[in-house]
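Each chain, letter by letter, is given below.
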Number of protein chains: 2
Amino acid sequence: MKRIKLVVAYDGTNYCGWQIQPSGITIEEVLNHALTKILGEKIRVIGASRTDSGVHSLGNVAVFDTNTRIPPDKICYALNQKLPEDIVVQSSCEVSQDFHPRHCYSEKTYEYKILNRKMPMPTLCRYTYFYYRNLDIKKMQKAAEYIVGRHDFKSFCSVKTSVEDTVREVLSCTVTKSMEDIITIRITGTGFLYNMVRIIAGTLISVGVGELEPDSIPEILKRRERSAAGATAPAKGLTMIGITYKE
Amino acid sequence: MKRIKLVVAYDGTNYCGWQIQPSGITIEEVLNHALTKILGEKIRVIGASRTDSGVHSLGNVAVFDTNTRIPPDKICYALNQKLPEDIVVQSSCEVSQDFHPRHCYSEKTYEYKILNRKMPMPTLCRYTYFYYRNLDIKKMQKAAEYIVGRHDFKSFCSVKTSVEDTVREVLSCTVTKSMEDIITIRITGTGFLYNMVRIIAGTLISVGVGELEPDSIPEILKRRERSAAGATAPAKGLTMIGITYKE
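Residues numbered from 1 in each chain as written. Chains lettered and ligands numbered in written order. Predicted model: local features only at pLDDT ≥ 70, side-chain atom pairs only at ≥ 80, totals over all residues. Heavy atoms only, no water.

Asks: I tried to follow the interface of chain B and chain A on my own but got confused; where do I start?
Replies: Quite often, the size of an interface is put as the accessible area lost when its parts meet. With 24 residues of chain B in contact, the opposing surface of chain A contributes 24 residues. Both sides of the chain B and chain A interface together cover about 1900 Å² of buried area, and 68% of this is carbon and sulfur. On the chain B side of the contact with chain A, Met119, Pro122 and Thr123 of chain B bury the most area, a combined 34% of that side's loss. Of the charged contacts, one joins lysine 236 of chain A and glutamate 85 of chain B as a salt bridge, the two residues approaching to 3.8 Å between their closest N and O atoms. Among the secondary structure elements, those contributing two or more residues to the side of chain B that touches chain A are strand 1 (2-10), strand 3 (56-66), helix 2 (75-82) and strand 4 (87-95) of chain B. Residue composition of the side of chain B that touches chain A, by class: 14 nonpolar, 4 polar and 6 charged. (Contact = heavy atoms within 4.5 Å. Buried area = accessible area lost by both parts, 1.4 Å probe. Salt bridge = Lys/Arg side-chain N within 4 Å of Asp/Glu carboxyl O. Helix = DSSP H or I, 4+ residues; strand = E, 2+ residues; numbered from the N terminus. Nonpolar A, V, L, I, M, F, W, Y, C, P; charged D, E, K, R; others polar.)

Asks: Can you help me understand the relation of the copies chain B and chain A in this one?
Replies: For these two chain copies, the linking operation is a rotation about an axis paired with a shift along it. Note on the identical chains: chain B maps onto chain A by a rotation of 180° and an axial translation of 0.0 Å, with an RMSD of 0.0 Å. Those values place the two copies in the arrangement expected of a two-fold rotation axis. Interface residue correspondence from chain B to chain A reaches 100%, placing this contact among same-surface, isologous pairings. (Least-squares fit on C-alpha atoms with pLDDT ≥ 70 in both.)

Asks: Please explain the side chain of glutamate 107 of chain A as it appears in this structure.
Replies: All names here are of chain A. Relative to the assigned elements, glutamate 107 resides in strand 5 (residues 106-115). Engagement of the side chain of glutamate 107 in a polar contact is seen with the side chain of tyrosine 105, the distance being 3.2 Å. Excluding residues that lie within four positions of it along the chain, glutamate 107 makes contacts with Leu171, Thr188, Gly189, Thr190, Gly242, Ile243, Thr244 and Lys246. (Polar contact = N/O pair within 3.5 Å; in protein donor to acceptor, adjacent residues only side chain to side chain.)

Asks: Even after reading the chapter, I still don't get the packing of aromatic side chains, so can you show me in this structure?
Replies: Tallying each qualifying case throughout the model produces 10 aromatic pairs over all chains. Seen in terms of ring centroids, tyrosine 110 of chain A and phenylalanine 192 of chain A are 5.3 Å apart; in terms of plane orientation they differ by 85°. Their pairing is edge-to-face. Residue tyrosine 110 of chain A is found in strand 5, and its partner phenylalanine 192 of chain A is found in the loop between strand 9 (182-189) and helix 4 (196-208); the two are separated by 82 residues along the sequence. Like phenylalanine 192 of chain A, tyrosine 110 of chain A is buried. Ring plane angle 70° and centroid distance 6.1 Å describe the contact between phenylalanine 153 of chain B and phenylalanine 156 of chain B, whose orientation is recorded as edge-to-face. For the residue pair phenylalanine 153 of chain B and phenylalanine 156 of chain B, the accessibility class agrees, reading buried in each case. (Phe/Tyr/Trp six-rings, centres within 6.5 Å; stacked < 30°, edge-to-face > 60°. Buried < 20%, exposed > 50% of the residue type's maximum accessible area, 1.4 Å probe, protein only.)

Asks: Can you walk me through helix 3 (residues 137-147) of chain A in this structure?
Replies: Residues that lie three or four places apart on an α-helix share one face, since the helix turns once every 3.6 residues. Residues and elements named next belong to chain A. Of the residues making up helix 3, those classed as buried are Met140, Ala143, Ala144 and Ile147. Burial along helix 3 is one-sided: seen end-on, the buried residues are contained in an arc of 110°. For helix 3, the exposed residues set more than 90 degrees away from the buried face come down to Lys138 and Glu145. Close packing links the buried residues of helix 3 with strand 5, strand 7 (149-152), strand 8 (167-177), strand 9, helix 4 and helix 5 (217-223). (Arc of directions from axis to C-beta.)

Asks: I keep staring at the side chain of threonine 51 of chain B and nothing clicks. Help me out?
Replies: Residues and elements named next belong to chain B. Of note, threonine 51 is situated in the loop between strand 2 (46-47) and strand 3. With relative accessibility at 7%, the residue threonine 51 sits in the buried group. Within the structure, threonine 51 has its side chain in polar contact with the side chain of tyrosine 10 (distance 2.7 Å). Among all residues touching threonine 51, those that are not within four sequence positions of it are Tyr10, Gly17, Trp18, Asn60 and Met240.

Asks: What should I look at first to understand the layout of surface pockets in this one?
Replies: Where empty space is left can be seen by rolling a probe of water-molecule size over the atoms. Size it by volume and the largest pocket reaches roughly 1600 Å³. Those elements that place two or more of their residues in the lining of the largest pocket are strand 5, strand 8, strand 9 and strand 10 (238-245) of chain A together with strand 5 (106-115), strand 8 (167-177), strand 9 (182-189) and strand 10 (238-245) of chain B. (1 Å grid on protein atoms, 1.4 Å probe; cavity = no way out; pocket = protein on both sides within 12 Å on 5 of 7 lines; lining within 4 Å. Points joined across faces, edges and corners; volume = space filled by probe spheres on them.)

Asks: Explain the pattern of salt bridges here, please?
Replies: Close approach of charged atoms lets side chains of opposite charge pair. Applying the stated rule across the entire model yields 26 salt bridges over all chains. For arginine 3 of chain A, the salt bridge goes to aspartate 65 of chain A, with nearest N and O atoms at 2.9 Å. With arginine 3 of chain A in strand 1 (residues 2-10) and aspartate 65 of chain A in strand 3 (residues 56-66), this pair connects stretches of sequence that are 62 residues apart. With relative accessibility at 12%, the residue arginine 3 of chain A sits in the buried group. The salt bridge involving glutamate 111 of chain B is made with arginine 186 of chain B; its shortest N-O contact spans 2.6 Å. Of the two residues, glutamate 111 of chain B is situated in strand 5 and arginine 186 of chain B in strand 9; the sequence distance between them amounts to 75 residues. Arginine 186 of chain B sits in the partly exposed class, given a relative accessible area of 36%. Where salt bridges share partners, they join Glu111, Lys113 and Arg186 of chain A into one cluster.

Asks: What am I meant to see in the packing of helix 3 of chain A against helix 4 of chain A here?
Replies: Packed helix pairs are characterised by how far apart their axes lie and by the angle those axes make with each other. Residues and elements named next belong to chain A. Between helix 3 and helix 4, whose axes approach to 8 Å, the crossing angle comes to 140°. Comparing their axes, helix 4 and helix 3 come out oblique. The crossing of helix 3 and helix 4 is right-handed. Residues Lys139, Met140, Ala143, Ala144 and Ile147 of helix 3 pack against Ile200, Leu204, Ile205, Val207 and Gly208 of helix 4. Tallied by class, residues from the contact of helix 3 with helix 4 come to 8 nonpolar, 1 polar and 1 charged. (Axes fitted to C-alpha atoms, helices over the stretch in contact; angles between N-to-C directions. Parallel < 35°, antiparallel > 145°, perpendicular 65-115°, else oblique. Left-handed = near helix turned anticlockwise from the far one by under 90°.)

Asks: For this particular structure, what's the right way to read the pairing of strand 5 of chain A?
Replies: Remember that side chains alternate between the two faces of the sheet whenever the strand is regular. All names here are of chain A. The element strand 5 is largely enclosed, with a buried count of 9 among its 10 residues. The pairing of strand 5 with strand 10 spans 7 bridges and is classified as antiparallel. Across the sheet, residue tyrosine 110 finds its bridge partner in strand 10, namely methionine 240. Where strand 5 lies against strand 9, 8 bridges are found, and the strand directions are antiparallel. Within the sheet, the bridge partner assigned to lysine 108 lies in strand 9 and is glycine 189. (Pairing = 2+ DSSP bridges.)

Asks: I tried to follow the confidence of the model for chain A on my own but got confused; where do I start?
Replies: Parts of the model with low pLDDT should not have their predicted coordinates read in detail. Mean pLDDT over chain A stands at 96; residues scoring 70 or higher make up 100%. Across the interface, the model reports ipTM at 0.93; the global pTM reads 0.94. (pLDDT = per-residue confidence, 0-100.)

Asks: Would you explain helix 4 (residues 196-208) of chain B in this entry?
Replies: Residues and elements named next belong to chain B. The end-to-end C-alpha distance of helix 4 is 18 Å, a good match for the 18 Å that 13 residues give at a rise of 1.5 Å each. In terms of burial, helix 4 is largely enclosed, as 13 of its 13 residues are buried. With its phi angle positive at about 95°, glycine 210 sits one or two positions after the end of helix 4. (Expected span 1.5 Å × (residues − 1).)

Asks: What am I meant to see in the environment of proline 234 of chain A here?
Replies: Relative to the helices and strands, proline 234 of chain A resides in the loop between helix 5 and strand 10. Setting aside residues no more than four positions away along its own chain, proline 234 of chain A makes contact with Tyr112, Tyr129 and Arg198 of chain A.

Shown next as structure tokens:
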């Protein structure tokens, strides 16, 4: 029995997120189905990041156990033949049996993209959140600095969660603007709460537009209630960039 | 009667190109329909670049004549309310009656994007041509230099055209590679033949992969036959960037 690690990229537009659920088709389900077909064994993957409906990924991680004789690094090629165009496994390799994509120490990176201009741009609308009011990037950068560190992020967590320990560590949080008017919030951390990146993005937007001051972030963290932070920014602007494991 | 100029952006994935035709829905048709509805007059736009099926645009130009009392710069906002998400008019303004988007002197810029890596990336597949064999960017750059200038581009023109004068002027042609493995061929010219940019892209790909030498471009131009050049690269990698008019 071998444990295989997959790096999975997808356009989340047409999926109800990663995790299997009754209301629609999910990435996890499509992977399970394709792997079961190829390997002739009942396969159930375990994913690292259970991305929401509409969220994209360049490098989510999943593992599964198999008895296949297909060389581990060739599984991705066989698998991609069975997958739709909007899910592509970037690589496959064998890992040790004690590797678990969620329980092992990892650093995850996400990017949230905002198109900040007067008119929407059709070729960007699947991967950016269009916001026409002018955002002050300097203020957003200052607010982002307060996000970095080990904090109780309860104010930045969906109330729908059942998690009790809401302390998480953010290693970096940067805000940049491209020539094409795309503001990118890039955030790396060792773990994230439900909707945490989207609520951070929504809060930084409130700062950028002047509804909140950059210096209000420490107070928002201290209050430990969801209503203290900004709105949850729409899913389509969010992309999981990748995960690194310290092995 | 006023003449109105529109700058039109679209994701061409779901359209049969710009120009009205029997086989499917086109950008021109959708614009005519929306304008006729808003202005209460029968409107027929004239487009600058009759982009192919699947080709995208950030700034194609169209004009039409109208008696409307809506201020010219506000027409785009009214229009966007009636347009689908994948067509967005970026601006509208009044121009002189003798302005014609195809007959007036203009400089058009196109970009052709190739994703050159081992695995496709789902979030890029609508706007790039995936090509997994390694492309030598230096060779492509050298070949691109030969494209610049006033040449007879008959070898770089679809045989389906009826145009007789195949001399065109290319003002610049550059090849760059991004951190994300995207090779961008950016080309500006005063006019292009049918499929010309896609055939130039296909020929530069042949150069990049070693099937053609950069120094073969002058000979290909001289032969004046379509078969001398490389393949027509797929439509989805092509985006019309914009058009500038010297008024």
